[in-house]
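Working through the structure, step by step
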Amino acid sequence: MENLFTDLVFILLLLLTAVNLFRLWTERDLSKISQLILWLTLAAIVAVIVVRTAAAGRVPFANLYEFALLFSCGILVFALWVRQGLDSSRLDLSVAVLLLIIIAISTTLPSELGPLMPALQSTWLHAHVATAVIAYGCFALAACLGVVALSRSQQTAPGLDEIENRIYRMVVLGFIFLTIVIITGAVWAEEVWGNWWSWDPKETWSLVTWLIYAAYLHARRSYGWKGRKSAWMVIIGFVIVMFTLFGVSILLPGLHSYL
Amino acid sequence: MAKKPLQQITTTLASMSSAIYILVIIGAISALGTLIPQGQAPDFYMQHYGGLTGRIITVLSLHRLYQAWWFLAMLLLLCLSILLCAVKRLRRTRSVLIFSSLIMHLAIILVLGGAAWSLGYGHSANIELAEGQSVSLAEFGFAPGQLTLDRFQIDYYPDYQPRQYSSLLSLQGYQGQDYHQEIAVNHPLKAGYLKIYQSSWGWMMQITTQAADGQSKSIALPDRSEYWLDQSRHLKLQAIFVPDLDETRPGINSLSPLPRNPHVLIALVEHDRVIGMNLLRAGESAQLGEYKFSLDGFSYYSGLNVKEDRGVYLVFTGFFLLLAGMLVRYLAENMVRKAA
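Every value quoted in this text rests on a predicted model; they were computed, and no experiment measured them. (Residues numbered from 1 in each chain as written. Chains lettered and ligands numbered in written order. Predicted model: local features only at pLDDT ≥ 70, side-chain atom pairs only at ≥ 80, totals over all residues. Heavy atoms only, no water.)

Description of unusual backbone geometry
Residues and elements named next belong to chain B. Formally: The numbering of helices and of strands both runs from the N terminus, where a helix is a DSSP run of H or I of at least 4 residues and a strand a run of E of at least 2. Note on exposure labels: buried denotes an accessible area under 20% of the residue type's maximum, exposed denotes more than 50%, and partly exposed covers the range between, all computed with a 1.4 Å probe on protein chains only.
Residue His271 is not a glycine yet carries a positive backbone phi of 55°. By the element assignment, His271 lies in the loop between strand S11 (263-270) and strand S12 (273-280). For Asp272, which is not a glycine, the phi torsion comes out positive at approximately 60°. Along the chain, the position of Asp272 falls in the loop between S11 and S12. In this structure Asp272 comes out as exposed when scored by relative accessible area, which is 66%.

As structure tokens, this is what we get:
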């Protein structure tokens, strides 16, 4: 059942990619169709999560595969929100490609339904993971908007200011939530290991992302960093987010070994 | 004239570009620390990275990067930069935006200050207690108090994956109070500033050794550890606990982690070579070489992490102020933007 819906997600994402590639060439308004596919993909991912929750008898917050599902779900919700009033095939296309990458990575991860290990049995788990989904979802959309900003040929193209504004708002929201992710993680680590910070690779890389986005916010405020520079910064920031999520787990195991 | 260089340094440090550089540099250094294995002996780096790189790593303390003086100096520089920026800002207009931003920046100093406090005054110890065993906390550098492990327990899921580890503890006479509480992973005991965490567990075996000259000794040996019988002859005893021995198959396999058919595999090792071994039940004994070993009994031991640290409360206060300041700061900005 779960596999059926996962396949459906994959097919819908390929369709979304195809439709938006087509939109780059055609004058026809296919924005509504793209939106419909986004909604359908969201429904399919929610179905995967619901089926999995029912089968495991617990929230799907236990491993990286499950986080990838929640992450994709978050990206879709933010995409549907951010694309409002912004008719952009490039945004939908970058969201589709990003989701394809995440789903492709998730298929290589162990997806067995396991029970929660003792360290994860805490109410902090819910706050920590839920805020991470929001923070990373925001950063993902900021990066997709960054791609849109870079792909506009002229700096003065209409709507670029609006895109820039949306990038900023996504980063601010993401930054606030990333702060909560790190704080809930630290308070939880103090409760479970007696150490609120231990320079574990996952912790450290989440701090690195926090510092990068902090640098972006300062640069923007003080030097009015906009346009291409800020677009590049949110894209680089998100590459580091992806590394923190997948790269660290695969290459640099530590305390977060289960995630 | 003497003041000028200092003034120049403070002006530079108070500038936004230095702040951004410091943020990015701390980020880059922190990332570097995850790529180099931390806390190994210097020889490890010489072997894995070659002479020159290994030497660079150890000379620059890249193997203990987060404790290195220059990394701590960078954090101090960040604090200075924040403070100088704060002073500079306070001279300008005062608004909710500035004030909340100030709180969130000073909160970061509070977090780092709390961490420094923990580093200087925090104290922790790992204590392994067998069921029924008791220790005095004063021996480990804490305030006086008698800590006893009354019972240790592991709950399993049906597939024998551990569900929870718990220790029933008694802490008596700690700062005039008695505590009797079950702790588990995620549920430490809190007695004032003292916290006791469930951190590990294992099996402990009570073994009596009798040498050829008739001398006998009673020892408590943790699972998979070794005991030196005679250092000069490189002779040691090793013991492995087998909780649920599968007697239907050859070899030594455990059917489950539960002590349903408990045995202990003891081995006499000379110069890292096994010269004799035997499988014992509780109450049984065996002759290996010149020694006679008797298994008197076995029990769980619980690994407890005992910690006293007030710095963590400064850190948590910092977290709260950071978040509160940040929320007010961006909500205020949002309202200003909407009004405009």
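Past the structure itself, the notes keep going.
Quick notes on the interface of chain A and chain B
Stated precisely, the cut-off is as follows: By definition, residues are in contact when any of their heavy atoms lie within 4.5 Å. By definition, the buried area sums, over both parts, the 1.4 Å-probe accessible area that each loses when the two are put together. Criterion for a salt bridge: a side-chain nitrogen of Lys or Arg within 4 Å of a carboxyl oxygen of Asp or Glu. Any pair of nitrogen or oxygen atoms within 3.5 Å is treated as a polar contact; in protein, a donor-acceptor pairing is required on top of that, and neighbouring residues in sequence qualify only through side-chain atoms on both sides.
Tallying the contact residues gives 42 residues for chain A and 46 residues for chain B. A combined buried area of about 3800 Å² lies between chain A and chain B, and 68% of that area is made up of carbon and sulfur atoms. Our enumeration of links across chain A and chain B arrives at 3 salt bridges. Salt-bridge contacts for Glu190 of chain A lead to Lys307 of chain B; the nearest nitrogen and oxygen are separated by 2.7 Å. Summed over the shared surface of chain A and chain B, the result is 15 residue pairs in polar contact (both at pLDDT 80 or more). When contributions to the side of chain A that touches chain B are tallied by element, the ones reaching two or more residues are helix H6 (160-192) and helix H7 (201-223) of chain A. No other element matches H7 of chain A, which puts 15 residues into the side of chain A that touches chain B.

Points about the packing of helix H3 (residues 64-82) of chain A against helix H4 (residues 89-107) of chain A
Residue and element names in this part refer to chain A. For clarity, the cut-off: A fitted line through C-alpha atoms serves as each axis, taken over the contacting stretch for helices, and the angle formed by two N-to-C directions is quoted from 0 to 180°. Note on terminology: angles under 35 degrees are roughly parallel, angles over 145 are roughly antiparallel, angles of 65 to 115 are roughly perpendicular, and the others are oblique. Lys, Arg, Asp and Glu make up the charged group, whereas Ala, Val, Leu, Ile, Met, Phe, Trp, Tyr, Cys and Pro make up the nonpolar group; the residues left over, Gly among them, are polar.
Contact pair H3 / H4: the axes reach a minimum separation of 10 Å and the direction vectors enclose 175°. Relative to H4, the element H3 is oriented roughly antiparallel. Listed contacts from H4 to Tyr65, Ala68, Phe71, Ser72, Ile75, Leu76, Ala79 and Val82 of H3 are Leu91, Val95, Leu98, Leu99, Ile102, Ile103 and Ser106. For the contact of H3 with H4, the per-class residue count stands at 13 nonpolar, 2 polar and no charged.

Looking at the nonpolar core
Operational definition: Here the nonpolar core consists of buried residues drawn from Ala, Val, Leu, Ile, Met, Phe, Trp, Tyr and Cys, with membership extended through side-chain atoms lying within 4.5 Å.
Grouped together as the largest cluster of nonpolar side chains are 176 residues, with contacts concentrated most on Phe238 of chain A together with Leu171, Ile196 and Ile207 of chain B. For this core, the element with the most residues is H6 of chain A, which contributes 18 residues. In contact with Ile196 of chain B, other than residues within four places in its own chain, are Leu147, Leu169, Leu171, Ile183, Pro188, Leu189, Leu304, Asn305 and Val306 of chain B. Formed by 7 residues, the second largest nonpolar core is a distinct cluster that contains Ile212, Ile240 and Leu252 of chain A together with Ala31 of chain B.

What about the domain arrangement of chain B?
Selection criterion: In this document the domain limits rely on a domain assignment from an automatic tool or a database.
Taken domain by domain, chain B consists of domain 1 (1-85), domain 2 (93-121 + 311-340), domain 3 (124-202 + 304-308) and domain 4 (204-298). Look at where the C-alpha atoms of domain 1 of chain B and domain 3 of chain B centre, and you get two points 38 Å apart.

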